[in-house]
Amino acid sequence: MKRYLPFVILGVVALLAFGGAVLFYRAKRRPAVTMSTKNLAEESGADEKLHVLGNPNAPITLEEFGDFECVSCGVLSEPINQLERDYRPKLRVIFHQAPSDIHPHAKEAALAAEAASMQGRFWAMHDLLYREQATWSKADDVRSLFNGYAAKLGLDVDRFKKDVAGEKCAERIADDLALAVASHVETTPWILINYWALGRSALNPDGVRKAVDAAVNGKPLPFD
């Protein structure tokens, strides 16, 4: 049995990679309900790895599975930040990495954000990547640009470079992709309010604001 174990492990890794690759090509209707990522995080002991903006004990949670090269995610980035400020301390925002293979620089951008998080600057890099999306998404040498962003944010650039190339950042992204597959995430942005997925018609700044307002006031959420 032991001599077959490496092949079994390789098979599991390949299956997970395939699941992440096909995640964003599924064409089925978006379900109104998805698995609770809170439960998955608690079961995996991954709470310390979550990227949380705002009051960690807030009664309302907005979770996003996002891709830094996704234009629609970029459109929602600052409005979601504003929501956290407007509803503080009732709202917390959690961001999960979901880089798609259809975006050539998405994985590098995710790695840059995770490397910044190693120095306590995830949200600063998150915001900068979305603000500069139109620039780096068309660049030939994104690593040089991202190194420049790290310097702009006051990070230790040498450490940043090592972390980008290291295993820990890659593992964090892989964990989020596995969570996305387990939660039946089909595309980005994928937004959940208190662990319930919003419908496509609500995936715009006004729709997300109405959903958060509904949650704060105990009203039904716009699933469809």
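Everything here concerns the structure above.
Residues numbered from 1 in each chain as written. Predicted model: local features only at pLDDT ≥ 70, side-chain atom pairs only at ≥ 80, totals over all residues. Heavy atoms only, no water.

Peer 1: Now, about the sheet that holds strand E4 (residues 190-193): what can you tell me, with residues and values included?
Peer 2: Taken in spatial order, the 5 strands of this open sheet run E1-E3-E2-E4-E5, and their pairing is mixed. Strands with a single pairing partner mark the edges of an open sheet, and in this sheet they are strand E1 (51-54) and strand E5 (196-197). The pairing of E4 with E5 spans 2 bridges and is antiparallel. The residue bridging Leu192 from the neighbouring strand is Ala197, located in E5. (Pairing = 2+ DSSP bridges. Helix = DSSP H or I, 4+ residues; strand = E, 2+ residues; numbered from the N terminus.)

Peer 1: Give me the lowdown on the nonpolar core, citing residues and values where you can.
Peer 2: Formed by 51 residues in total, the largest nonpolar core has its most connected members in Leu62, Phe68, Met125, Leu129, Phe146, Phe160 and Ile193. The contacts of Ile193, once residues within four sequence positions are left out, are Ile60, Thr61, Leu62, Leu198, Ala211, Val212, Ala215 and Leu221. Phe65, Leu179, Leu192 and Ala197 belong to the second largest nonpolar core, which has 8 residues in total. (Core = buried A, V, L, I, M, F, W, Y, C linked by side-chain atoms within 4.5 Å. Buried < 20%, exposed > 50% of the residue type's maximum accessible area, 1.4 Å probe, protein only. Contact = heavy atoms within 4.5 Å.)

Peer 1: Describe the pattern of salt bridges, with residues and values.
Peer 2: As enumerated under the stated definition, the model contains 8 salt bridges in all. Where Glu84 meets Arg88, a salt bridge forms, and the shortest distance between an N and an O atom there is 2.7 Å. For Glu186, the salt bridge is made with Arg200, and the minimal N-O distance between the two is 3.8 Å. You can see Glu186 sitting in the loop between helix H9 (167-182) and E4 and its partner Arg200 sitting in the loop between E5 and helix H10 (205-216), a full 14 residues away along the chain. Overall, the relative accessible area of 3% leaves Glu186 in the buried class. In this structure Arg200 comes out as partly exposed when scored by relative accessible area, which is 46%. (Salt bridge = Lys/Arg side-chain N within 4 Å of Asp/Glu carboxyl O.)

Peer 1: Break down helix H5 (residues 122-131) for me, citing the residues and quoting the values.
Peer 2: Of all 10 residues in H5, 8 are buried, a share of seventy percent or more. Buried residues of H5: Phe122, Trp123, Ala124, Met125, His126, Leu128, Leu129 and Tyr130, and no others.

Peer 1: Mind laying out the packing of helix H4 (residues 106-117) against H5, listing which residues take part and the relevant values?
Peer 2: H5 packs onto H4 with a crossing angle of 150 degrees between their chain directions and a minimal axis gap of 7 Å. When the axes of H4 and H5 are compared, the pair comes out roughly antiparallel. In terms of crossing hand, the pair formed by H4 and H5 is right-handed. Where H4 approaches H5, its residues Ala109, Ala112, Ala113, Glu114, Ala116 and Ser117 are matched on the opposing element by Phe122, Met125 and Leu129. Among the residues making up the contact of H4 with H5, the classes are represented as 7 nonpolar, 1 polar and 1 charged. (Axes fitted to C-alpha atoms, helices over the stretch in contact; angles between N-to-C directions. Parallel < 35°, antiparallel > 145°, perpendicular 65-115°, else oblique. Left-handed = near helix turned anticlockwise from the far one by under 90°. Nonpolar A, V, L, I, M, F, W, Y, C, P; charged D, E, K, R; others polar.)

Peer 1: Would you mind going over the pairing of strand E2 (residues 60-66) in detail, with residue names and values included?
Peer 2: Buried residues dominate E2, accounting for 7 of its 7 residues. By the alternation rule, side chains of E2 split into Ile60, Leu62, Glu64 and Gly66 and Thr61, Glu63 and Phe65, which are all buried. With 7 bridges joining them, E2 and strand E3 (residues 91-97) adopt parallel strand pairing. Note that in E3 the partner of Leu62 across the bridge is Val93. The handedness of the E2 to E3 crossover, carried by helix H3 (residues 71-87), is right-handed. Here 4 bridges tie E2 to E4, and the two strands are oriented antiparallel to one another. Paired with Phe65 across the strands is Trp190, a residue of E4. (Right-handed = clockwise from strand over helix to strand, strands pointing away.)

Peer 1: Could you give an account of empty space enclosed by the protein, naming the residues involved and the relevant values?
Peer 2: With the rule as written, the count across this model stands at 1 cavity of 30 Å³ or more. In this model, the largest cavity occupies a volume close to 30 Å³. Along the walls of the largest cavity sit Glu64, Ser77, Ile80, Asn81, Val93, Phe95, Trp123 and His126, which together make up its complete lining. Of all the secondary structure elements, the ones that give two or more residues to the lining of the largest cavity are H3, E3 and H5. If you tally residues by element for the lining of the largest cavity, the top one is H3, at 3 residues. Here the lining of the largest cavity is built from residues that sort into 4 nonpolar, 3 polar and 1 charged. (1 Å grid on protein atoms, 1.4 Å probe; cavity = no way out; pocket = protein on both sides within 12 Å on 5 of 7 lines; lining within 4 Å. Points joined across faces, edges and corners; volume = space filled by probe spheres on them.)

Peer 1: Any chance you could break down unusual backbone geometry for me, citing the residues and the numbers?
Peer 2: Residue Pro89 is reached from Arg88 by a cis peptide bond, and omega for that bond is 5 degrees. Checked against the element boundaries, Pro89 lands in the loop between H3 and E3. A cis amide bond links Thr188 to the next residue, Pro189, at an omega of -5 degrees. One non-glycine residue with positive phi stands out, namely Asn194, at about 50 degrees. Following the sequence through the fold, Asn194 ends up in the loop between E4 and E5. A relative accessible area of 26% places Asn194 in the partly exposed class.

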